[in-house]
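Inside the fold
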Amino acid sequence: HLLIFIMFLGIDLGTSAIKLLIINESNSVLAESNISLHVSRPHPLWSEQDPDEWWRALLKGIEDLKSQTSLSDLKGIGLSGQMHGAVLLDKKGEVLRPAILWNDGRSGKECFELEDAVPDLHRITGNLAMPGFTAPKLLWIRKNEPEIFSRIRTVLLPKDFLRFRLCGEAISDMSDSSGTLWMDTAARDWSEIMLAATSLSRDQMPRLVEGTSPGGVLRSELCREWGLAANPIIAGSAGDNAAGAVGIGVIKSGSAFVSLGTSGVYFVVNPRFIHNPKQGSHAFCHCIPDTWHQMGVILSASSCLSWLSSILKQNEGELISSLESSPLKPGEVMFLPYLSGERTPHNNPNAQGVFFGLRHEHGTKELTQAVLEGVAFAFGDCQQVLLDAGAEIDEVSLIGGGSKSHLWAQILASVLERPMIRHDSPEMGPAVGAARLAMLAINNGSLEDICQRPGIKEIVEPNLKYVPQYRQDQERYRRLYRHLEEDFSE
């Protein structure tokens with residue numbers, strides 16, 4: 001009977017909020033908390049947060065959870081977090097400056113310098129040097145804040161700063177660390193070459209563990225404050241996308257998900273390290289041993305529909321339901337969804353949104369359909385990049401806010417020519433994945449038992465009648481970008 005009361009804490013440090021939840025062994029959520037966070041933008045392109053604010057929010061979240069349930073039987077803690085951020089600590093473990101976040105764009109010039117300094121960068125890391133990654137941020141610090149750079153004892157990723165406060169040790173996992181550009185991603189270890197290129201050493205990096213392994217133990221004073229019976233193990237844990245994959249059971253080679261969030265992610269699990277960085281795909285370690293993953297990332301997905309809804313003064317649900325009343329054949333209007341530039345496959349921050357093919361008779365319905373299809377074609381580009389690199393894609397789960405729409409799932413299935421699996425709870429998310437990693441870290445069951453997929457709501461098959469037309473439209477979409485590329489400017 002004692003096993004019924006074993007609890008696991010999942011902590012997901014996002015950009016806009018920190019989410020905490022407690023689950024039991026059967027993955028039932030017992031308590032949850034969501035604390036908002038503030039992003040500071042002191043200069044153009046800058047995006048920063050105060051790591052101490054994360055810690056205060058975490059402690060507040062714990063108080064929230066304690067008001068909902070007793071934490072005395074907490075056995076494991078898992079962490080998930082926004083990737084790529086740079087938290088700099090001095091020799092006393094104090095924060096030296098605000099954390100530079102994943103969406104900070106100040107280090108564009110440093111990316112070129114890093115690519116020049118390490119011609120082998122793509123092979124070692126599996127990625128292009130982009131301002132989002134951690135290594136170029138440290139080059140920027142060295143150049144612009146040398147006195148701070150000279151005092152750096154430890155560089156940590158956001159979630160690992162929380163771990164440092166929880167257990168007193170500098171530890172990270174493979175999935176999050178492969179987003180720094182300091183890792184030899186195939187070897188699952190720090191790369192001396194990449195560290196040297198940014199004047200850093202292995203001594204300044206956290207110890208690496210697998211996401212499913214133990215990665216610290218909660219400090220005794222926190223155990224007392226939280227009312228715990230014993231010191232829980234902290235899992236190695238994961239970056240947010242890998243944790244999200246564990247949360248929805250995307251763990252086997254060939255399994256994949258498409259996330260229709262504000263931005264979009266096409267994530268596929270690989271049995272080995274394969275990469276295609278020149279087309280803007282990411283290759284990272286998965287948070288499961290001997291497993292990797294690739295991602296195509298589009299910078300505007302469901303945010304395109306939000307943008308259209310704000311212009312047309314109609315809510316998103318109304319826009320979609322107006323299309324669902326009659327069978328939908330491929331539309332005549334084309335939309336390029338590059339409202340924030342684009343990552344995969346163009347790696348072009350200057351790409352812009354475009355409607356093409358408008359006539360007098362076109363109105364709200366046609367614009368809405370064009371947006372849904374344009375986002376689907378952007379995912380079509382991502383899929384092609386992943387397949388070109390050697391990925392094998394079997395089944396695709398559809399998650400995120402946009403997955404609530406059957407129609408959008410139907411369009412995606414027909415464009416990608418693959419069934420889309422819609423789940424009962426598409427928002428399971430990284431906090432659940434983090435809690436599941438905590439279960440694995442204390443050997444509380446097998447990978448397959450713990451990381452099950454949520455219930456399937458429906459499997460949406462491609463509409464074979466329209467697949468040939470969508471193939472032609474995908475090519476037209478690509479041609480349109482190529483014709484306009486030189487006109488996209490800063």
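Position labels on residues start from 1 in each chain and follow its written sequence. pLDDT decides what is reported in this predicted model: residues at 70 or higher carry local features, side-chain atom pairs at 80 or more are listed and counted, and totals for whole chains, interfaces and linings draw on all residues regardless. Only hydrogens and water are set aside; all other atoms, that is, all heavy atoms of the structure, feed into the side-chain values.

Here we look at the overall build of the protein
A run of H or I in DSSP counts as a helix once it spans at least four residues, and a run of E counts as a strand once it spans at least two, with each numbered from the N terminus. Along the backbone of the protein there are 17 helices and 24 strands. Here the globule rule is a power law, 2.2 Å times the number of residues to the power 0.38, and the radius of gyration is based on C-alpha atoms. Taking 490 residues into account, the globule formula puts the C-alpha radius of gyration at 23 Å, and the protein, at 22 Å, falls close to it. Taken along its principal axes, the extent of the C-alpha atoms in the protein is 70 × 55 × 40 Å. When each of the 490 residues of the protein is scored for burial, the buried share is 59%. Residue pairs in contact within the protein that sit at least 24 positions apart in sequence constitute 72% of those at least 6 positions apart. Summed over its atoms, the accessible surface of the protein is roughly 19,400 Å², and 51% of this surface lies on carbon and sulfur atoms. Under the scheme applied here, a residue whose accessible area is under 20% of the maximum for its type counts as buried, over 50% as exposed, and between as partly exposed, the area being computed with a 1.4 Å probe on protein chains only. Two residues qualify as a contact provided that any one of their heavy atoms is within 4.5 Å of a heavy atom in the partner residue. Residue-level accessible areas treat just the shown protein chains as cover; the underlying method is Shrake-Rupley with a 1.4 Å probe.

Side note on the side chain of Thr15
With respect to the helices and strands, Thr15 occurs in the loop between strand 1 (7-13) and strand 2 (17-24). Here a polar contact means two N or O atoms within 3.5 Å. Within protein one must be a hydrogen donor candidate and the other an acceptor candidate, and residues neighboring in sequence count only if both atoms are side-chain atoms. One polar contact links Thr15 to Trp102, side chain to side chain, over a distance of 2.8 Å.

So, the pattern of salt bridges
The working definition used for a salt bridge is a side-chain nitrogen of Lys or Arg within 4 Å of a carboxyl oxygen of Asp or Glu. Counted under the stated rule, the structure contains 24 salt bridges. Where Asp160 meets Lys159, a salt bridge forms, and the shortest distance between an N and an O atom there is 2.8 Å. Overall, Lys159 belongs to the buried group, its relative accessible area being 0%. Each of Glu48, Arg97, Asp104, Arg106 and Glu145 takes part in a single network of salt bridges with overlapping partners.

So, the packing of aromatic side chains
When we look at a pair of aromatic rings, we describe it by the centre distance and by the angle of the planes. Two aromatic rings from Phe, Tyr or Trp, using only the six-membered ring of Trp, form a pair when their centres are within 6.5 Å; if the ring planes differ by under 30 degrees the pair is stacked, by over 60 it is edge-to-face, and anything between is tilted. This structure, assessed with the given rule, holds 12 aromatic pairs. Relative to Phe355, the ring of Trp307 lies with its centre 6.2 Å away and its plane at 20°, an arrangement referred to as stacked. One end of the pair, Trp307, is in helix 11 (residues 302-312); the other, Phe355, is in strand 21 (residues 354-356), with 48 residues separating them in the sequence. The exposure class assigned to Phe355 is partly exposed, which follows from its relative accessible area of 24%. The interplanar angle of 85° and the centroid separation of 5.7 Å between the aromatic rings of Tyr338 and Tyr481 together place this pair among those described as edge-to-face.

Side note on empty space enclosed by the protein
Buriedness for pockets is judged along seven lines, at least five of which must meet protein on both sides within 12 Å for an open set on the 1 Å grid over protein atoms alone, while cavities are sets there where a 1.4 Å probe fits but cannot get out, and lining residues have an atom within 4 Å of a point. Grid points are joined across faces, edges and corners, and a volume is the space filled by probe spheres set on the points. Using the criterion set out here, one finds one cavity of 30 Å³ or more in the structure. Taken together, Gly85, Ala86, Thr134, Val155, Leu156, Leu157, Thr180, Trp182, Trp190, Met205 and Pro206 make up the full set of residues lining the largest cavity. Looking at side-chain class alone, the lining of the largest cavity contains eight nonpolar, three polar and no charged residues. Residues are grouped as follows: Ala, Val, Leu, Ile, Met, Phe, Trp, Tyr, Cys and Pro are nonpolar; Asp, Glu, Lys and Arg are charged; all remaining types, including Gly, are polar.

Concerning helix 4 (residues 134-144)
Among the 11 residues of helix 4, eight are classified as buried, and the element is accordingly described as predominantly covered. All of the buried residues along helix 4 are Thr134, Ala135, Pro136, Lys137, Leu138, Leu139, Trp140 and Ile141. Where helix 4 is buried, its residues contact strand 6 (87-89), strand 7 (99-100), helix 2 (108-117), helix 5 (146-149), strand 8 (154-156) and helix 8 (192-197).

Notes on a nonpolar patch on the surface
A contiguous nonpolar surface patch, about 260 Å² in accessible area, is contributed by Trp307, Ile311 and Leu339. Relative to the helices and strands, Ile311 resides in helix 11. Assessed through its relative accessible area of 48%, Ile311 is described here as partly exposed. Candidate patch residues must exceed 30% relative accessible area and have no salt bridge, after which like charges are joined if within 9 Å and Val, Leu, Ile, Met, Phe, Trp or Tyr side chains if within 5 Å.

Examining the sheet that holds strand 17 (residues 264-270)
Pairing between strands is defined by DSSP: at least two bridges between the two strands are required. Taken in spatial order, the seven strands make up an open sheet running 18-19-17-16-22-23-24, and their pairing is mixed. Looking at which strands have only one partner, the edges of the open sheet turn out to be strand 18 (282-285) and strand 24 (456-460). For this sheet the average axis-to-axis angle between neighbouring strands, irrespective of direction, equals 25°. In this structure, strand 16 (residues 255-260) lies alongside strand 17, joined through five bridges in antiparallel fashion. If you follow Ala256 over to strand 17, its bridge partner there is Val268. Only the stretch in contact is used when a helix axis is fitted, and all axes are lines through C-alpha atoms; the angle between N-to-C directions ranges over 0 to 180 degrees. Lying on the sheet, helix 10 (residues 240-247) is in contact with strand 16, strand 17 and strand 19 (292-298); it crosses strand 17 at an angle near 70°. Sitting on the sheet, helix 14 (residues 406-416) is in contact with strand 16, strand 17, strand 22 (395-399), strand 23 (420-423) and strand 24, with an inclination near 155° to strand 23.

Read these as layout, nothing more, since geometry by itself doesn't imply function.
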